[in-house]
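# Observations on the model geometry
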Amino acid sequence: MSLLVVGLSHRSAPVSVLERASLNADAQLKLLQDTVAAEPAAEAALLATCNRIELYADVDKFHAGVAELSTLLAQHSGVGLEELTPHLYVHYEDRAVHHLFSVACGLDSMVVGEGQILGQIKDSLARAQDLHTAGRLLNDLFQQALRVGKRAHSETGIDRAGQSLVTFGLEQLSAGADVQQWARGKKALVIGAGSMSSLAAATLARAGVAEIVVANRTFERAERLARILSEGDDTDVLARAVPMDSVPGELTRADVAVSCTGATGLVLTADAVVASVEGRTGAPVVAAGAPAAGVREDRQSAETPLPATGAVTGGDENCPLDLSSVPSGFSVMGEAAVAGMDAATLEQHGAWAAGGTAVDRSRETGRTGPEADAELIGALAATATRTGRIPERRRPEPVAEPPRPEPVLFLLDLAMPRDVDAAVHRLAGVRLVDIESLADASADAPMAADVDMVRRIVADEVTAFGAAQRAAHITPTVVALRSMAAEVVAGEIARLEGRLPGLDDKHRAEITQTVKRVVDKLLHAPTVRVKQLAAEPGGAGYADALRTLFDLDQETVASVSRAGNSTTEKNRGPA
């Protein structure tokens, strides 16, 4: 076994890098095909979720495999290798098995214990099987990972250590309130109809929302999801489907919106959210603090003006500032008022603020440029020595940020890359929870005692899987040995018939059976023992020893192995 995994996740890379490295469906297929076409890899599978991208492969050379898989990830993600490399992690053989089993149990998830990763692992295996990039090793690995994940959830309380990403996101939206009470009677908009969006819609329906509108680029998929929600036995939610171009209008009606699409660009811009909220409330939406990127500048005038820091001294007529451009209530004595001035204006303002007379030295001397600026800066420094602090003689009073109003629109963005403009975080009246804020919220989540139980399960399963794989590695050699023994028996029986042509059928059958029993007894103990030894760490060399001792043909062993692989793949399906 030479299992290698190269990947990046929310634990190793910032969200901005994960967004750029995310792969659409076509890129995922091409990456798998290119991986098995590369020299070091014989098998490949890709686990790509909203917060991880991991490429698994069976390789014959470790260093060449790491280099090739890293390069392929960079090429297909579009993120340069030099930028991507610091965020990549590498696991090999037993450590790679341990990693996937931990992922399957939810130990490596953003929300510990979430169960949706099992469905994503199952999808990854199915995709690799459809493309014929998964052979015996990755089939065994991923199917066992699914079994280990199911065992962890059934035998422990890992589910209590965390919730699904959807449930956790809704808890963050409700700001600690009971999700069912918070959701009851609300109107929800679900953008996307994939597995995550379907889970979000079902969770909202069970939480008691009054209506769910599903929008998707493929309208038939939106209709199918809406029909499933409407016909569900455990909910009585009203569900309907709309095309994607209806999202702006539906967002105006919605109380909560969940978005998880495969789009490479933004689905909801800050301007679109502002327009939707204003269309619902009839009041302008302002940014909390500084204006959000993407919000029109004319919206800034609606912000609450900063309180005045005091009266201006010195008289407005001599002030070198253009007072018409200064916001209402802003003290021109503040530091921000002089930001960006040239040296001449800076000196004028300093003299004016000190109550003196501003002198424009450039007008006196007729000189401009760097030398004149240097003289003016020197003069300003001298003024500062005499009067204290120039250009400000008193500090602006601290300004308390006005409290944000209660949100009228709740947005949950579960997409990677993001569907909703991050600038929406700064809009008053809107609460946005996205992958990045979920990571921050779950960083300090307490670990339950059940997590330790799951870790022990993972450790035991890794040991058992490694032993099974090592034992399976020697099986073709044992089969080839027994085939050779059967050929020897057949040859000796044929020689006996040539020497004893009058031998009747009864005696011939008895002799044949006796010779076979002798051979089986001679081979039984060595073959059982060699399987036991091969299952132990470092036991891979026993297969070579067996081939050498019995002079077995390498091609015969390889043909047995190929036959076993083809039979296994023919009879195997996703768990």
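Scroll up a little and you will see the structure.
Attention in this report is confined to the structure presented alongside it. For every chain, the first residue of its written sequence is number 1, and the numbers climb from 1 along that sequence. Local features in a predicted model are, by the rule used here, given only for residues with pLDDT of at least 70; side-chain atom pairs are given and counted only at 80 or more, and totals for whole chains, interfaces and linings are based on all residues. Only hydrogens and water are set aside when side-chain values are computed; all heavy atoms of the structure are taken into account.

## Re the pattern of salt bridges
One speaks of a salt bridge when a side-chain nitrogen belonging to Lys or Arg is within 4 Å of a carboxyl oxygen belonging to Asp or Glu. Within the structure shown, the criterion is met by 20 salt bridges. Its salt-bridge partner being Arg418, residue Glu19 comes within 2.8 Å of it at the nearest N-O pair. Of the two residues, Glu19 is situated in helix α1 (residues 15-21) and Arg418 in the loop between β9 (409-413) and β10 (430-433); the sequence distance between them amounts to 399 residues. Each member of the pair, Glu19 together with Arg418, is buried. Each helix corresponds to a stretch of at least 4 residues labelled H or I by DSSP, and each strand to a stretch of at least 2 residues labelled E; elements are numbered beginning at the N terminus. Note on exposure labels: buried denotes an accessible area under 20% of the residue type's maximum, exposed denotes more than 50%, and partly exposed covers the range between, all computed with a 1.4 Å probe on protein chains only.

## Notes on the pairing of strand β8 (residues 256-259)
Of the two faces of β8, the one holding Val256 and Val258 and the one holding Ala257 and Ser259 are both buried throughout. With four bridges connecting them, β8 and β9 associate as parallel partners. Following the sheet pairing, Ala257 is matched in β9 by Leu411. When DSSP locates at least two bridges between a pair of strands, those strands are taken to pair.

## Overview of the sheet that holds strand β3 (residues 52-59)
On the basis of which strands lie adjacent, the open sheet formed by four strands has the order β2-β3-β1-β4 and antiparallel pairing. Single-partner strands in this sheet number two, and they are β2 (41-49) and β4 (89-92). Between one strand and the next, the sheet's axes are offset by a mean angle of 15 degrees, whatever the strand orientation. One ladder, built from four bridges, connects strand β1 (residues 3-9) with β4; its direction is antiparallel. From the neighbouring strand, Val6 faces β4, where its bridge partner is Val90. By definition, residues are in contact when any of their heavy atoms lie within 4.5 Å. Here an axis means a line fitted to C-alpha atoms, over the contact stretch when the element is a helix, while the angle between two N-to-C directions is reported on a 0 to 180 degree scale. Here helix α3 (residues 62-77) sits on the sheet and contacts β1, β3 and β4; the angle it forms with β1, its principal contact strand, is near 35 degrees.

## As for the packing of aromatic side chains
Aromatic contacts are taken between Phe, Tyr and Trp rings whose centres are within 6.5 Å, Trp giving its six-membered ring; a plane angle under 30 degrees counts as stacked, one over 60 as edge-to-face, and the others as tilted. A full pass over the atoms with the stated rule returns four aromatic pairs. Seen in terms of ring centroids, Tyr56 and Phe142 are 5.4 Å apart; in terms of plane orientation they differ by 80 degrees. Their pairing is edge-to-face. A residue pair is termed long-range when its members are at least 10 positions apart, and Tyr56 in strand β3 and Phe142 in helix α7 (residues 136-155) qualify at 86 residues. The buried category is assigned to Phe142, whose relative accessible area is 0%. Measuring from centroid to centroid gives 5.2 Å for Trp182 and Phe410, while their planes differ by 90 degrees, and the two rings are edge-to-face. Here Trp182, found in helix α10 (residues 179-183), pairs with Phe410, found in strand β9; they are 228 residues apart in sequence, far enough to count as distant. Here Trp182 matches Phe410 in class, with each residue buried.

## A look at unusual backbone geometry
With a phi angle near 50 degrees, Glu93 is a residue other than glycine that sits in the positive phi range. You can call Glu93 partly exposed: its relative accessible area is 28%. Phi angles above zero are rare outside glycine, and His132 is one such case at about 60 degrees. Inspection of the secondary structure assignment puts His132 in the loop between α6 (116-130) and α7. The class for His132 is exposed, based on a relative accessible area of 71%.

## Section: α3
Take the number of residues in a helix, subtract one, and multiply by 1.5 Å to get its expected span. Here α3 contains 16 residues, and its C-alpha end-to-end distance of 22 Å stays within 8% of the 22 Å for a straight helix at 1.5 Å per residue. Turning to α3, the residues buried within the fold contact β1, α1, α2 (25-37), β3, α4 (81-84) and β4. Gly78 lies just past α3 and shows a positive phi near 85 degrees.

## Considering the side chain of Arg52
Within the element layout of this structure, Arg52 appears in strand β3. Take Arg52: its relative accessible area is 2%, and that puts it in the buried class. N or O atoms within 3.5 Å of each other form a polar contact, as long as, within protein, one can give a hydrogen and the other can take it, and as long as residues adjacent in sequence are counted only when both atoms are side-chain atoms. Of the polar contacts made by the side chain of Arg52, one reaches the side chain of Glu54; its length is 2.9 Å. Residues contacting Arg52, with those up to four places away along its chain left out, are Leu8, Ser9, His10, Leu47, Tyr89, His99, Val103, Asp108 and Ser109.

## Remarks on α2
In this model α2 runs 19 Å from its N-terminal to its C-terminal C-alpha over 13 residues, within 8% of the 18 Å that 1.5 Å per residue would give. When α2 is considered as a whole, its buried residues turn out to be Ala27, Gln28, Leu31, Leu32 and Thr35. Across the axial projection of α2, the buried residues extend over an arc of 135 degrees, all falling on one side. Seen from the open side of α2, the exposed residues pointing more than 90 degrees away from its buried face are Ala25, Asp26 and Ala37. As used here, the arc belongs to the directions running from the helix axis to the C-beta atoms.

## Quick notes on the sheet that holds β8
As summarised here, the arrangement of the six strands in space is β7-β6-β5-β8-β9-β10, forming an open sheet in which the pairing is parallel. Taken across any chain shown, the strands that pair with only one partner, and hence form the sheet edges, are β7 (238-243) and β10. Ignoring which end each strand starts from, the neighbouring axes of this sheet average 15 degrees apart. In terms of strand pairing, strand β6 (residues 211-216) meets β7 through six bridges, oriented parallel. Across the sheet, the residue bridging to Val213 is Arg240, located in β7. Set on the sheet, helix α11 (residues 195-207) makes contact with β5 (187-191), β6 and β8; between it and β5 the angle comes to about 170 degrees.

In short, geometric facts, not functional conclusions.
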